[in-house]
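So you can see what is in the structure, the chains are spelled out below.
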Protein chains: 2
Amino acid sequence: MEYQFSKSLDGFKSSAVREILKLTQGKSIISFAGGLPAEEFFPLDAVKDAVERVMASGKSALQYGLTEGYTPLRQSICNWMEQKGIHVTPNEMLITTGSQQAIDLLTRVYIDQDDVILVERPTYLAAIQVFQSRGARIISVDGDQDGMDLDDLKAKVAEYKPKMVYVIPTFSNPTGKVWNLERRKGLLSICREANILILEDDPYGELKFGDTEVYPSIFSLDEHPHNSCVVYTSTFSKTVAPALRTGWVMGDPQIIGNMTRAKQAADLHSSTLDQQTLHQLLEHFDLQGHIQLIRKHYEERMRLMAELLAEYNWPGVTWNEPKGGMFFWVELPESIDTTELMKVAVENGVAFVPGVSFYADRPKNNTMRLNYTFADNETMRLGMERLNRAITSALEKTNA
Amino acid sequence: MEYQFSKSLDGFKSSAVREILKLTQGKSIISFAGGLPAEEFFPLDAVKDAVERVMASGKSALQYGLTEGYTPLRQSICNWMEQKGIHVTPNEMLITTGSQQAIDLLTRVYIDQDDVILVERPTYLAAIQVFQSRGARIISVDGDQDGMDLDDLKAKVAEYKPKMVYVIPTFSNPTGKVWNLERRKGLLSICREANILILEDDPYGELKFGDTEVYPSIFSLDEHPHNSCVVYTSTFSKTVAPALRTGWVMGDPQIIGNMTRAKQAADLHSSTLDQQTLHQLLEHFDLQGHIQLIRKHYEERMRLMAELLAEYNWPGVTWNEPKGGMFFWVELPESIDTTELMKVAVENGVAFVPGVSFYADRPKNNTMRLNYTFADNETMRLGMERLNRAITSALEKTNA
């Protein structure tokens, strides 16, 4: 048998992060690579209580469910969103297997071969994978610490006539940066005028450090959900736990309806055990209080990594201090290719994600993403010592 | 905002069955429409025990998992398959969100626009949806009670040069029929010679009535898994419970590897809570004994529906007695369009699936699928009474 795979197969490149995760499973490598939440803060007791409630509700809890998602969970999420100034009803929402599936489903119903999608530079690598597998042209827009450069955005809208813009405006993956209000409004106004759909991916918005600043979602700044030019997706993977694999997506009912039909074909529906468990958890657990707790711990971990970066103070290496989320984005001297550095790092017992994976085009090979949420203090110190050895030897080599 | 959906959107037609499920939710309509297992036989206590074990294993149970699936579950499934004469290792297997996702992922990595896929006539409607959404040409092959007509298959292989054949050889959806050994071997030999991939969908194989006959999977008849021309998918939705939304797919490692990369983009991984729960269940629960139990009950229900069909004995109406699975396939006089009949049936408080949805081409509008596994005896009698009213009035009208 000679297999004849689809021509689109090249789009399905394996994610570097997930390949690294595989390599490091069960080994003594300290990983700053995965976007993993800290396990010690998982609300295990609350999940256990919630599952017990589901099991106590009887055998029909184990039956097939609706493609749209478990209705009481959709209602709970609507209530949760209401607190953030977003008014939607369950009909304008679809439950997905993580927000990753929302990206995939929207791409399947909205994007055709050769359509142009604008993205941040750099951006989430698994979104790039989805867009590539669809045969889309992906063009990155320049930006700075405050978000996309609106002039570059305008120029690229004029040049490429994009159909969609994909953004992670709040504590971006991989850069950890947050867009200011002006950039959010600017993106919205440019896209509305040019009839471009915005996919706002917000997995990290709840992981905010400090209480003074508020970052309204772009979806909430638009008229919504009817006729909105924004489709918003988020997930419980970072606030409750990834194992429950539950995200949601909100937008105009026409878009949600089409995504629902695509989901029927993709997997009929997401796990109803997970959905019912999350519903019970949202009704009986102080999730907002829990989020305050993980914010505090994640900020402490972020500060420790910032201190260690400042301590090692490698020549020519820069980074920014995140205001939330899970990542440091580190830029090394241009002479250092982090894909090469990665090999030395793994030999030294530490892993990160080489930045090149996060670029749709014009990659910067001298960048890396460091996760600070997963490792406890002792592990982080040890991991950074190992990273120091790898980076110091690489810097010495290029100066030799 | 004027939305510009993908040209492939026409492929994502909403499934008639799922639309009917929505209509009947919470209403007093008796549904023979959905392919729903009987809730009263769900092994709730075993699932409860299994979840408790997972929760007791600690917080890391709630972390992200591998795209390939939870390794111990893949090992358990390999052991399970071994009993059925199928020798695979976890590397030749991918865990999916139901077997529906296996159909979707294989289509994404193997099929391009305008590729031809051969299917049974009729066949599973949500597989048709997936193939249509990919822009494939779907051609149906004639068949009888023993499986595909091998002469028609040969003719269509010669005429259309298909890339894949999709079959449900054991207790088919929607017809409930089972292929004999000669047809299984014939399909295999024709496809191997013509380098055509076979997707063997086997959600119902365990739901067998009587112990004498054995129906080996086509996958087990081929050299496997390496270089096999068969990709095999099954699910725990019918044997344990649909809520856990867990299926698996086995085949050549090259195919499984490509499907895994597609799954990374589609949803990263399926629920790890579900996967760990199923692993615990497979290790600590007598699933084979449980399957014996549901076989017995489903056979009783099938016999009751057969009796009722014989009793009503509508003129010109025929059906076959299933040897397993979940469905009766009923053919009415050609003057009756079951999509019209469905409206009358719903008015009378009963639902079924009009057969037209199960045809890729050349539909028979006078067919319907009846599920016999979900309703208990009393409900089934009442539902069949209602169906009798609907069919009798339709027959009277066409004779008027």
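Being a predicted model, the structure only gives us computed values, none of them experimental.

Details of the interface of chain B and chain A
Here comes step 1: Facing the 86 residues of chain B at the interface are 86 residues of chain A.
Here comes step 2: Asp 104 of chain B is the partner of Arg 108 of chain A in a salt bridge, and the nearest nitrogen-oxygen pair spans 2.7 Å.
Here comes step 3: When contributions to the side of chain B that touches chain A are tallied by element, the ones reaching two or more residues are helix H1 (16-24), helix H2 (44-56), helix H4 (98-110), helix H5 (125-133), helix H9 (253-267) and helix H10 (272-284) of chain B.
Here comes step 4: The element best represented in the side of chain B that touches chain A is H9 of chain B, accounting for nine residues.
Here comes step 5: Considering only residue class, the side of chain B that touches chain A consists of 35 nonpolar, 28 polar and 23 charged.

A few points about the packing of helix H3 (residues 71-82) of chain A against helix H10 (residues 272-284) of chain A
Residues and elements named next belong to chain A.
Here comes step 1: Where H3 contacts H10, the axes come no closer than 9 Å and their chain directions differ by 40 degrees. If you check the angle between H3 and H10, you find them oblique. Between H3 and H10 the crossing geometry is left-handed. Along the contact surface, H3 presents Pro 72, Leu 73, Ser 76 and Ile 77, while H10 presents Gln 275, Leu 278, His 279, Leu 282 and Glu 283.
Here comes step 2: Its residues assigned to classes, the contact of H3 with H10 shows five nonpolar, three polar and one charged.

Notes on the domain arrangement of chain A
Residues and elements named next belong to chain A.
Here comes step 1: Parsing chain A into structural domains produces domain 1 (7-42 + 289-399) and domain 2 (63-284).
Here comes step 2: Distance from the C-alpha centre of domain 1 to the C-alpha centre of domain 2: 25 Å.
Here comes step 3: On the side of domain 2, 39 residues touch domain 1, which itself brings 35 residues to the contact.
Here comes step 4: Between domain 1 and domain 2, the buried area comes to about 3,100 Å², and carbon and sulfur atoms account for 58% of it.
Here comes step 5: When the buried area of domain 1 at its contact with domain 2 is split by residue, Arg 295, Lys 323 and Arg 362 rank highest and sum to 21% of it.
Here comes step 6: Notably, a salt bridge pairs Glu 206 with Arg 295, separated by 3.8 Å at the nearest N-O pair.
Here comes step 7: In this structure, the connection of domain 1 to domain 2 is made through 11 residue pairs in polar contact (both at pLDDT 80 or more).
Here comes step 8: Among the elements of the structure, helix H11 (287-312) and strand S12 (327-331) are those that each provide at least two residues to the side of domain 1 that touches domain 2.

Section: the UniProt feature "domain: Aminotransferase class I/classII large" (unreviewed entry) in chain A
Here comes step 1: Using the residue numbers shown here, the UniProt feature "domain: Aminotransferase class I/classII large" (unreviewed entry) corresponds to residues 41-386 of chain A.
Here comes step 2: This span, residues 41-386 of chain A, is 43% helix and 15% strand, and a straight line between its end C-alpha atoms measures 26 Å.

Quick look at the relation of the copies chain B and chain A
Here comes step 1: Once chain B has been moved 0.0 Å along the axis and rotated by 180 degrees, it coincides with chain A to within an RMSD of 0.0 Å. Accordingly, the operation relating the two chain copies is best matched by a two-fold axis. By C-alpha distance to the rotation axis, the residue of chain B lying nearest is Ser 271 of chain B, at 3.4 Å.
Here comes step 2: Taken together, the interface assignments show that 100% of the residues at the interface of chain B recur at the interface of chain A, consistent with an identical surface on both copies.

Here we look at unusual backbone geometry
Here comes step 1: Cis geometry marks the peptide bond from Arg 121 of chain B to Pro 122 of chain B, where omega comes out at 5 degrees.
Here comes step 2: Looking at the secondary structure, you find Pro 122 of chain B in the loop between strand S3 (116-120) and H5.
Here comes step 3: Cis rather than trans, the peptide bond between His 224 of chain B and Pro 225 of chain B has omega equal to -10 degrees.
Here comes step 4: You can see Pro 225 of chain B is positioned in the loop between helix H8 (218-221) and strand S9 (230-235).
Here comes step 5: At Asn 195 of chain A, a residue that is not glycine, the phi angle is positive and equals roughly 60 degrees.
Here comes step 6: By the secondary structure assignment, Asn 195 of chain A is in the loop between helix H7 (181-194) and strand S8 (197-201).
Here comes step 7: Notably, Asn 313 of chain A is not glycine yet its phi reads approximately 45 degrees, a positive angle.
Here comes step 8: By secondary structure assignment, the location of Asn 313 of chain A is in the loop between H11 and strand S11 (318-319).

Analysis parameters
- Residues numbered from 1 in each chain as written.
- Chains lettered and ligands numbered in written order.
- Predicted model: local features only at pLDDT ≥ 70, side-chain atom pairs only at ≥ 80, totals over all residues.
- Heavy atoms only, no water.
- Contact = heavy atoms within 4.5 Å.
- Salt bridge = Lys/Arg side-chain N within 4 Å of Asp/Glu carboxyl O.
- Helix = DSSP H or I, 4+ residues; strand = E, 2+ residues; numbered from the N terminus.
- Nonpolar A, V, L, I, M, F, W, Y, C, P; charged D, E, K, R; others polar.
- Axes fitted to C-alpha atoms, helices over the stretch in contact; angles between N-to-C directions.
- Parallel < 35°, antiparallel > 145°, perpendicular 65-115°, else oblique.
- Left-handed = near helix turned anticlockwise from the far one by under 90°.
- Domains from an automatic or database assignment.
- Buried area = accessible area lost by both parts, 1.4 Å probe.
- Polar contact = N/O pair within 3.5 Å; in protein donor to acceptor, adjacent residues only side chain to side chain.
- UniProt positions renumbered as here; feature names shortened; annotations may be inferred.
- Least-squares fit on C-alpha atoms with pLDDT ≥ 70 in both.

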